[in-house]
Amino acid sequence: RQKLIDQAEQVLRRNDRGSYTVPTHGLYPFQWNWDSALSALGFKHFDEARAWTEVDTLFAHQWDDGMVPHIIFHERDEGYFPGPDVWSTGRPVPTSGITQPPVAGFAIRRMVDEARDVDLALSRARDLLPKAHAWHEWFYRTRDPQGTGLVAIIHPWESGRDNSVDWDAALDRVSTEGVQPFQRRDITHANPDHRPTHAQYERYIKLVQTFRELDWDTSKLHDGSPFQVVDPGFNAILIRSCEDLADLAERLDQPEIAAASRAMALRGVAALESLWSDDLGQYLCYDRKIGAPILSPSVGGLIPAFAAIPEHRAAGIARRIEELGKSCEYLIPSHDPTAPDYDGRRYWRGPAWLIVNYMIADGLTRAGQPEIVARIMEDSLRLIERSGFAEYYDPITAEPCGGAHFTWTAAMVLEILD
Ligand code: DGY
């Protein structure tokens, strides 16, 4: 146990670039949004000041409209595609022009709750609170123009679950006309069988080109995007961060932020209900472009346990995870292993991810589901013991997949063990 803790710390230190952390050397050489927020949770176990710096750096690159970008290109690195020239967002320090799951609000609150240096935590949180809140407001303003209570992602990369089966049909409808030839870099760092396909990459790039043609005006991108999907997992992360900011704002005596955050969270939880499927026993994504649910049994429909959903829904998710446990060795597969498009090694089409296990387990603990939480945690540690700090794992064979020495995997190990 102590050995695993020491190794996890080493992974974080190795990927530390001073004021931000790379997810892993080579494959991801910059700062990624949700990686950073979750990695800060790891740093807090041995260096609280460094943990706060991670989140501060992320918000230092927030756009004026409130968006926090998904990648910050702090230094040049030719080993990644698409780099800053492809994005061309015109930011002083280059960033991408889309966002990622807003888990930072949750992370900030947790860092305050567990702080040893409470003064430091409260002063940093006081500074970050309006910034995180502005990001949440940006979401509901620009990604929910009809006021449904649910926000849409406009690019699979925003979901964090890049190549999930969830996006297949919606992404197929994105034309590849006018996509400039490009050379991928990811498959020089990782096994191509673990990564998205070329056909998917062409569409990822087409979407980037589309948004670039709209001059990265984030008030226009939602309506201008050929891809608009409501992801229950993404929404749940946003809702959870709104709930956490509401609590934190109360503690910091900021009643306006507290009330606004609470209201967004409550609306979000109520709206999530429309995504529940009795047939599949989980939440489903919704394709806003064609106005239809996406019948895909992925882990995106289980992540809502992370938000304050009704108790019977949390119990439903616990049952669904138990069911998934019958067709794999290690919970939680990112796609149902019995479904036709399941692929146990291909990124978000089957592999288990420790950050997902952590978020779902956290929510199910709050919801009073200790048995399934114990199994999820046990499986997570067995994966680490067998296969090290990988980016993700085959949920049947435990094969380590994607990048190695992965920052947020190590951070989650510290959260679980320390
Ligand atoms: C990648 O390059 O694979 C990232 O997930 C996109 O942000």
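Residues numbered from 1 in each chain as written. Predicted model: local features only at pLDDT ≥ 70, side-chain atom pairs only at ≥ 80, totals over all residues. Heavy atoms only, no water.

## Some details on the overall build of the chain
For the chain, the count of helices and strands is 17 helices and nine strands. A compact globule built from 418 residues should have a C-alpha radius of gyration of about 22 Å, and the chain, at 20 Å, falls within 12% of that. In terms of principal-axis extent, the alpha carbons of the chain reach across some 55 × 45 × 40 Å. Accessible surface for the chain amounts to roughly 15300 Å². Of this, 47% is attributable to carbon and sulfur atoms. For the chain, the distance from the average site of its 43 positive side-chain charges to the average site of its 62 negative ones is 1 Å. (Helix = DSSP H or I, 4+ residues; strand = E, 2+ residues; numbered from the N terminus. Rg over C-alpha atoms; globule rule 2.2 N^0.38 Å. Areas by Shrake-Rupley, 256 points an atom, 1.4 Å probe, with all protein chains shown as cover. Lys, Arg positive; Asp, Glu negative; His and termini not counted. Charge placed at Lys NZ, Arg CZ, Asp CG, Glu CD.)

## Re the site of the ligand
Around the ligand, the structure places Tyr28, Trp32, His70, Tyr80, Trp157, Asp162, Arg195, Tyr201 and Tyr347. For the shell around the ligand, the class distribution of residues is six nonpolar, one polar and two charged. (Near = heavy atom within 4 Å. Nonpolar A, V, L, I, M, F, W, Y, C, P; charged D, E, K, R; others polar.)

## Looking at the nonpolar core
Phe59, Ile321, Ile355 and Ile360 are the most contacted members of the largest nonpolar core, which totals 144 residues. Sorting elements by how many residues they give to this core places helix α6 (residues 118-142) first, with 10 residues. Residue contacts for Ile360: discarding those within four places in its chain leaves Val299, Leu302, Ile303, Ala305, Ile321, Ile332 and Ile376. (Core = buried A, V, L, I, M, F, W, Y, C linked by side-chain atoms within 4.5 Å. Buried < 20%, exposed > 50% of the residue type's maximum accessible area, 1.4 Å probe, protein only. Contact = heavy atoms within 4.5 Å.)

## Structural notes on the side chain of Thr142
With respect to the helices and strands, Thr142 occurs in helix α6. With near-sequence residues (within four places) excluded, Thr142 lies in contact with Thr218, Ser219 and His222.

## Section: the sheet that holds strand β7 (residues 292-294)
Whether parallel or antiparallel, the strands of a sheet pair through hydrogen bonds between backbone atoms. Strand order in the open sheet formed by three strands is β3-β6-β7, and the pairing between neighbours is antiparallel. Looking along the sheet, the strands with just one partner apiece sit at the ends: β3 (229-230) and β7. Two strands pair when backbone bridges link them, and strand β6 (residues 285-287) and β7 are joined in this way by three bridges, in the antiparallel orientation. For Tyr286, the partnering residue across the bridge sits in β7 and is Pro293. (Pairing = 2+ DSSP bridges.)

## Some words on helix α15 (residues 354-366)
Compared with an ideal rise of 1.5 Å per residue, which puts 13 residues at 18 Å, α15 spans 18 Å between its outermost C-alpha atoms and is within 8% of the ideal. In terms of residue burial, α15 counts as a mostly covered element, since 11 of its 13 residues are buried. Listing the buried residues of α15 in full gives Leu354, Ile355, Val356, Asn357, Tyr358, Met359, Ile360, Ala361, Asp362, Gly363 and Leu364. Downstream of α15 by one or two residues, Gly368 has phi in the positive range, about 75 degrees. (Expected span 1.5 Å × (residues − 1).)

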